[in-house]
Amino acid sequence: MTGKFSNYLKSKKPVIQKLVALLGTKFAYASVFATDVSGTNVAVDRSTTSVTPSGLTECGFVIKVFDGVAYAEYSTNTIDDKHLDDVVAAIERLVAAKGTVPTVRVEALREEPLTKSFVRRNRGRTFTAEETIDLLKSIVQGALDSSSLVVNARASIETTEVSKMFLSKVKDLEQYYTWSNPRSFALVRREGNTKFAYDGFGDNSVEHALDLLGESMDKTVKLAIELLDSVPPKPGYYDIVTDPSITGLIAHEAFGHGVEMDMFVKDRAAAKDYMGKPVASPLVSMRDGAASAFSVASYFFDDDGVLAHDTKIIDRGILVGGISDALSALQLGKEPTGNGRRESYKRKAYTRMTNTFFEQGTSAFDDMIASIKEGYYIAVTNNGMEDPKNWGIQCTAHYGREIKDGTFTGKIVSPVVMSGYVIDLLQSISAVSRDFEVIGSGSCGKGYKEWVRVSDGGPCLKAKVKIG
Amino acid sequence: MIRQLMNALAAHPAVTGWLLNETKTVSSQAFYVMQKRETTRRVETCEYGVTVYRRDGDFVGSSSFFVSRRLTKRELAAKIDEAVYAAQFVKNKAYDLVEGGAKRSWKEPADSVDPFVTIDRIANAFFAAATPVSRFNALEVFHVRTTARILNSRGVDLTKAIAKIDVEAIPSYDGPERKVELIRQFSYKTVDFDVIRRDAEEAIADVALRHAAGAIRDVAKADVILRDDDVAEFFDNLIADFSYDGVYRQTTDKKIGDPIQKDVQGDLLTIGWSPSSKADAFDRDGVLLAPVRVVEAGTLVSHYGSNQYAQYLGMKPAGVFGTLEAAKGRTSVAVMKKKPHLEIIALSGIQIDTYSGYIGGEVRLAVWDDGKHRVPVSGFAFSGNIDKALSDVTLSRETVRMVRYRGPRYLKLKDMDIL
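Residues numbered from 1 in each chain as written. Chains lettered and ligands numbered in written order. Predicted model: local features only at pLDDT ≥ 70, side-chain atom pairs only at ≥ 80, totals over all residues. Heavy atoms only, no water.

Student: Quick one: what's the story with the domain arrangement of chain B, residue by residue and with numbers?
Tutor: Think of interface size as the accessible area that goes away when the parts come together; that is how it is often given. Residues and elements named next belong to chain B. Domain annotation of chain B identifies domain 1 (2-211) and domain 2 (216-419). Listed per partner, the contact involves 31 residues of domain 1 and 29 residues of domain 2. Here domain 1 meets domain 2 over a buried area of about 2,400 Å², counting both sides, of which 58% is carbon and sulfur. The interface formed by domain 1 and domain 2 contains four salt bridges. A salt bridge links Asp 206 to Arg 227; the shortest N-O distance between them is 3.0 Å. For the interface between domain 1 and domain 2, the tally reads 11 residue pairs in polar contact (both at pLDDT 80 or more). Elements represented by at least two residues in the side of domain 1 that touches domain 2 include exactly strand E1 (17-33), strand E4 (92-93), strand E5 (104-107), strand E6 (134-152), strand E7 (157-174), strand E9 (184-188) and helix H4 (193-212). Ranked by the residues each element gives to the side of domain 1 that touches domain 2, the list is headed by E7, at five residues. (Domains from an automatic or database assignment. Contact = heavy atoms within 4.5 Å. Buried area = accessible area lost by both parts, 1.4 Å probe. Salt bridge = Lys/Arg side-chain N within 4 Å of Asp/Glu carboxyl O. Polar contact = N/O pair within 3.5 Å; in protein donor to acceptor, adjacent residues only side chain to side chain. Helix = DSSP H or I, 4+ residues; strand = E, 2+ residues; numbered from the N terminus.)

Student: Give me the packing of aromatic side chains: which residues, what numbers.
Tutor: Geometrically, a pair of aromatic rings is defined through the distance of the ring centres and the angle of the planes. Using the criterion set out here, one finds 32 aromatic pairs over all chains in the structure. Seen in terms of ring centroids, Phe 118 of chain A and Phe 301 of chain A are 6.3 Å apart; in terms of plane orientation they differ by 50°. Their pairing is tilted. Of this pair, Phe 118 of chain A sits in strand E5 (residues 114-120) while Phe 301 of chain A is found in the loop between strand E10 (286-288) and strand E11 (311-315), placing the two residues 183 residues apart along the sequence. The pair Phe 118 of chain A / Phe 301 of chain A is uniform in exposure class, with both members buried. On the basis of an interplanar angle of 25° and a centroid distance of 6.1 Å, the ring pair of Phe 196 of chain A and Tyr 198 of chain A is categorised as stacked. Exposure remark for Tyr 198 of chain A: the relative accessible area of 23% places this residue in the partly exposed category. Members of the aromatic cluster, connected to one another through ring pairs, are Tyr 53, Tyr 95, Tyr 248, Tyr 309 and Tyr 312 of chain B. Of note, Arg 154 of chain A hangs over the ring of Phe 185 of chain A, and the distance from its end group to the ring centre comes to 4.8 Å. Directly above the aromatic system of Phe 282 of chain B lies the positively charged group of Lys 160 of chain B, at a separation of 4.7 Å from the ring centroid. (Phe/Tyr/Trp six-rings, centres within 6.5 Å; stacked < 30°, edge-to-face > 60°. Buried < 20%, exposed > 50% of the residue type's maximum accessible area, 1.4 Å probe, protein only. Lys NZ or Arg CZ within 6 Å of the ring centre and 35° of its normal.)

Student: Outline the environment of Ala 28 of chain A, supporting the account with residue identities and numerical values.
Tutor: Residues and elements named next belong to chain A. Looking at the secondary structure, you find Ala 28 in the loop between helix H1 (7-24) and strand E1 (29-44). Note on Ala 28: relative accessible area 48%, which makes it partly exposed. Separated by 81 residues in sequence, Ala 28 and Leu 109 place their C-alpha atoms 8.8 Å apart. If we skip the residues at most four places from it in the chain, Ala 28 touches Phe 66, Gly 68, Ala 108 and Lys 169.

Student: Lay out the environment of Gly 101 of chain B with the relevant residues and their values.
Tutor: Tracing the chain through its elements places Gly 101 of chain B in the loop between E4 and E5. The spatial distance from the C-alpha of Gly 101 of chain B to the C-alpha of Gly 155 of chain B is 6.7 Å, given a sequence separation of 54 residues.

Printed below as a string of structure tokens:
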């Protein structure tokens, strides 16, 4: 890690400023978003080791203009003095490609002047490739040695170093930050019965992340072995208690996507008509924002050049706010909330969640378990899918622990697929624990594409859901 | 840039092999909101993946980095040094890079029409399917042409130019009391407006059905018919672990000759991989692709996958493919639908866990046919045991050709739980 803002982007700043000034004479709005993200993923399993670029690695530019009618964006990885005219010509060709479909009515983005740079370095020391590989190998070997049931184990750490710059007529923003995601995975087999478990978390200290990875692997192996005795749950309606990852999955899939306000512009979200109305149990409050928690999506400004926010979405059961990118906010006459994010510089910015979570409650976890007559404690996010307009929900947990008469029976089920109607689920929440965790290792798609890194979490919830 | 990279790699004393992946992307994109154009985008990029290899007797180490801009000589040297340093600690079992032959290239025919003109026509074709109560509240069209060139230190120099058009469409229906939508994804290799119009009309018809859909009542078990993407996803999940990588890492314990269906009363499955087109001729290691059958008549007959893991298993590299291919069945969809069934039109995502045997999903739209009436239904889930389902699966003789899948369009799973 270099520990500082990209020299490359710094070197490009004068030519980008020249480009913004030039485009400013031709268009009502012009900006350039520049990104230089480097990173490495080191992964070790029983038989192989790999050192590959992080999936977030990219370096390029998005030039955005508004010609008074519609927005156009040109993504390139070449901006220099020699090719400046080519870039301008490409943008002019793009703007000229009007087509026959009428355009939406929209104005030029309004921006307040702001010049600022932000830096958040990796805490603690960094590790050489040799140190990282040795450490991961020892963790994997430890897992393999721990039980003859373990047929493979994988430990990995992905480190990223992000430099982003946003320049427009009035804005000059730079940010540098780092993040690391360690992950553990274990595959176990007994008499032809195969099961797996995994864990992932995030930290902006490689040192701390690697410190915790061994413990993560121990937990993963233990769970995988337990899962050898798992069966799928019997379909039905159950009282459940969620772990923070499943709480986060519910916050994210059930409600978070529904308050992405680009969906309001497209009339794709039922939440649009529920502002100020009850949508959840009064025990529930929910937030999202790059500034709401310190995790994988904690940037200083978004890909539209809007500063990070902390947005309250649900306040004691009442829907009070949504999140937005700059263009959607403009169309809705709202202030943007710093949620404009791109999968990469090659993709459009949409309204996206960042760190999304339910707020802490007052219940004790043990009391919540004790209050369940028949149900499950469900844990470890597998996947989920949103349905913001019709408020359907599908959330899959990797496993559940059976509870009968307030105690764990020792029976384990896997996988646990929950489905139902979002409002029913949120209104069924009858206890919210004092525990709280935001897990910074997730990825989120919008529909079935546009993947960005997100965190989610919260306390443990007691709710009623359909499992099947 | 290629020359600069090749020279720097060849000159480095510790580099015993290298692989370069150049990807040029030209993409035109348009985004429509409420059937009006909101944003147009153009992407013109050239990026490089660089992998250095460091062989040391029975071991080989590799490390990759990414280049997205012109580097100075010093910057490039530093990147290679860093990769070489990391590679020395990656002590994998040795394998050889793919051996090159003649320099070759493949090209899918380029669209002679300006991409934005094509996009505009596609948008109009979708919007023409709208009715006074239904429309596409969002439509995104991506016209993408990717040119991939692969070179390695053993003389591989292959180039392919591949094109496709991806569409995400959100058909929406505004009823008097409620509004509903579906998410539809389409991928086209060629622009055939008959197909595009059919897709648009079907999407609009489906969302009208979702509006009409009610809760499913008094159905605890049903035969479930999947179609299109869900069929592809089903087959994909079935054979995912049968790669060389999966075998080497022991994610599967199935061996060649093992049945993947037991006590078969229905159709026997034949599933494999194919290149997505003639031009899609090689994978990212430079392995030339030819169709491979993974499962034949319900039995695992072959593994597939990357050069590295194929060599570890002493097999011929088959490569990494993009298109799944399955043999069609003998039953017409009309016959499949004769008995009571639930035809799934939209799932939030099929959930398959081959280890636990779980298959299921949340149903966003289906048609329940009890033999007398066809009723659109929504807001429930189905689930079952995959091994049991595989013993009596029915494949349609009607087929579908998508970019990611070619094979039977419909697949029937018997006796699923409905909740």
